[in-house]
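If you want the building blocks of each chain, they are given just below.
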Amino acid sequence: MTIEILFEDARWAEAGLDRLAETACRETLAHLGFDPDAHEISLLACDDMRIAGLNASFRGKSAPTNVLSWPTEDLAAEVDGDAPVPPEPEIEGAPVELGDIAIAWETCLREAREQGKPFNDHVTHLMVHGCLHLLGYDHVRSRDAALMEGIEVEILAKLGLADPYD
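Residues numbered from 1 in each chain as written. Predicted model: local features only at pLDDT ≥ 70, side-chain atom pairs only at ≥ 80, totals over all residues. Heavy atoms only, no water.

Applying the stated criterion across every chain, the model contains eight salt bridges. Measuring nitrogen to oxygen at the nearest pair gives 2.9 Å for the salt bridge that ties Arg11 to Glu106. Here Glu106 lies in helix α4 (residues 105-115) and Arg11 lies in helix α1 (residues 10-14), a separation of 95 residues in the sequence. You can call Glu106 partly exposed: its relative accessible area is 29%. Members of the salt-bridge network, linked through shared partners, are Asp9, Arg11 and Glu106. (Salt bridge = Lys/Arg side-chain N within 4 Å of Asp/Glu carboxyl O. Helix = DSSP H or I, 4+ residues; strand = E, 2+ residues; numbered from the N terminus. Buried < 20%, exposed > 50% of the residue type's maximum accessible area, 1.4 Å probe, protein only.)

Take the packing of aromatic side chains next. According to the stated counting rule, one finds four aromatic pairs in the structure shown. Relative to Trp70, the ring of Phe58 has its centre 5.2 Å away and its plane inclined at 65 degrees; by these criteria the two rings are edge-to-face. Highlighted residues: Phe58 in helix α3 (residues 48-59) and Trp70 in strand β3 (residues 67-71), separated in sequence by twelve residues. Between the aromatic rings of Trp105 and Phe119, the centroid separation amounts to 4.9 Å while the plane-to-plane angle is 55 degrees, which identifies the pairing as tilted. Taken as a pair, Trp105 in helix α4 and Phe119 in helix α5 (residues 119-134) lie far apart in primary sequence, 14 residues in all. Taken individually, Trp105 and Phe119 each receive the classification buried, so the pair is uniform in this respect. Taken together, the aromatic side chains of Trp12, Trp105 and Phe119 make up a single cluster linked through ring pairs. (Phe/Tyr/Trp six-rings, centres within 6.5 Å; stacked < 30°, edge-to-face > 60°.)

Structural data, given as structure tokens:
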């Protein structure tokens, strides 16, 4: 798996985001039956100010958020609760470019503290969550949300992490 990380906030490098992201995304892809080594993700490791600007530009919300995702293509299922369309390479044998994820330091740290969770566990969950968004999963419709959350719980359990929704 290739994860290209742009560290705009050095605290992410010190926290080992590269390892957390690799583990989370690799397990997500493998869990869904995809070869992790055949996929690429770009990751922006930033702060709240940067993600608030992105959130405003792309979602019309002027506040910071924990994680944002921009899939390369829309793989979402048409029917609420159905699995998304599997990603395919644009060129046979080339890695599948899944898209971009941005993650914000201050929000992640605050949420982990408020929820009484280890920071690394929370970040791992958010990386699984972001990776699932790149693969066409979403939580806007109720059955889609149940499907996505169920998959997150299964993946995190494989990594030895607690159910984040419990």
